[in-house]
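# Structural overview
Now for the letters of each chain:
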Amino acid sequence: YSGSFGNTICVTTQDKIYFINHDEIKEIESPELSHKIIIKIVCMDDKVLFITASNGIYEYRKGVFTPFKTNVDDQLSKIQTFTADATDKYLALGTISNGLFVIDKTGKLYTRMDMKSGLSNNTILTVKFDKAENLWLGLDNGLDYVALNYPISELYRKATFYGKGTASCLKDGILYLGTNEGVFY
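Residues numbered from 1 in each chain as written. Predicted model: local features only at pLDDT ≥ 70, side-chain atom pairs only at ≥ 80, totals over all residues. Heavy atoms only, no water.

### Thoughts on the nonpolar core
Formed by 17 residues in total, the largest nonpolar core has its most connected members in Leu 49, Ile 51, Ile 57, Leu 76, Leu 91 and Leu 93. Elements with a minimum of two residues in this core: β5 (38–44), β6 (47–52), β9 (81–86), β10 (90–95) and β11 (100–104). Per element, the largest residue contribution to this core is three residues, and it comes from β5. Setting aside its immediate chain neighbours within four residues, Leu 49 contacts Lys 40, Ile 41, Val 42, Met 44, Ile 57, Tyr 58, Glu 59, Phe 68 and Leu 91. (Core = buried A, V, L, I, M, F, W, Y, C linked by side-chain atoms within 4.5 Å. Buried < 20%, exposed > 50% of the residue type's maximum accessible area, 1.4 Å probe, protein only. Helix = DSSP H or I, 4+ residues; strand = E, 2+ residues; numbered from the N terminus. Contact = heavy atoms within 4.5 Å.)

In structure tokens form, the structure reads like this:
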């Protein structure tokens, strides 16, 4: 993997990590990450995080790698993380066949999404935060937009799909939602 954070370019091999800053190349020993597949390096708040495919997340600080613990580490160790992006508040992890995990800066799960909660596909090939800290997802079958900062997060009951939203109306304190499958409140 190769990527960058700040003014530093990072190149990883099977057992070494190199930081390139201007004309200086620094080799970092990382037994914690040896033989682990690094899929992305992201900055979150004051942290530099190395995301692995299925061996967790590692924080790099002052030459030392330490595990960045989350409350979904057990789930993440059983699936393949394929892509990631971060803001100062959130870390988004796109997976192969298991949807999206969004974790806050303390390591707590903020939200998890998959086809049952409205995604078009469970395989996320790329994830990118926009300026409003909402997410754009590149999936196997197209693009999805995830509005993280909106008060309404999904229009589903159980695993039933209620159609594509086309209209809404607030009348007498009741929110009516029009979809291509009917009107719901």
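### Quick notes on the sheet that holds strand β20 (residues 182–184)
Read from one edge to the other, the open sheet built from three strands follows the order β18-β19-β20, with strand pairing classed as antiparallel. Edge positions in the open sheet fall to β18 (165–171) and β20, since each of these has one partner strand only. The mean inter-strand angle of the sheet, taken between neighbouring strand axes irrespective of direction, is 20 degrees. As defined by bridge partners, strand β19 (residues 174–179) adjoins β20 across three bridges and the pair is classed as antiparallel. Its bridge partner lying in β20, Thr 179 is registered against Gly 182. (Pairing = 2+ DSSP bridges. Axes fitted to C-alpha atoms, helices over the stretch in contact; angles between N-to-C directions.)

### Concerning a nonpolar patch on the surface
A contiguous nonpolar surface patch, about 470 Å² in accessible area, is contributed by Trp 136, Leu 143, Tyr 145 and Tyr 150. Structurally, Trp 136 is set in strand β14 (residues 135–139). (Patch = residues over 30% accessible without salt bridge, like charges linked within 9 Å, V, L, I, M, F, W, Y side chains within 5 Å. Areas by Shrake-Rupley, 256 points an atom, 1.4 Å probe, with all protein chains shown as cover. Salt bridge = Lys/Arg side-chain N within 4 Å of Asp/Glu carboxyl O.)

### Comments concerning the packing of aromatic side chains
For the structure shown, the criterion picks out six aromatic pairs. Measuring from centroid to centroid gives 4.6 Å for Tyr 90 and Tyr 110, while their planes differ by 45 degrees, and the two rings are tilted. Of the two residues, Tyr 90 is situated in strand β10 and Tyr 110 in strand β12 (residues 109–113); the sequence distance between them amounts to 20 residues. For Tyr 110, a relative accessible area of 39% corresponds to the partly exposed category. (Phe/Tyr/Trp six-rings, centres within 6.5 Å; stacked < 30°, edge-to-face > 60°.)

### Side note on the confidence of the model for the protein
Put simply, the protein has an average pLDDT of 85, and 91% of its residues get 70 or more. Ranking the helices and strands of the protein by mean pLDDT puts β11 first, with 96, and strand β16 (residues 156–157) last, with 48. (pLDDT = per-residue confidence, 0-100.)

### Topic: the side chain of Ser 117
The topology assignment puts Ser 117 in the loop between β12 and β13 (124–129). Overall, Ser 117 belongs to the buried group, its relative accessible area being 11%. Separated by 3.0 Å, the side chain of Ser 117 and the backbone nitrogen of Asp 114 make a polar contact. (Polar contact = N/O pair within 3.5 Å; in protein donor to acceptor, adjacent residues only side chain to side chain.)

### Things to note about the sheet that holds β9
Taken in spatial order, the four strands line up as β9-β10-β11-β12 in an open sheet, and their pairing is antiparallel. In this open sheet, the two strands that pair with only one neighbour each are β9 and β12. Within this sheet the neighbouring strands show an average axis-to-axis angle of 15 degrees, counted without direction. For β10 and β11, the ladder comprises five bridges, and the chain directions are antiparallel.

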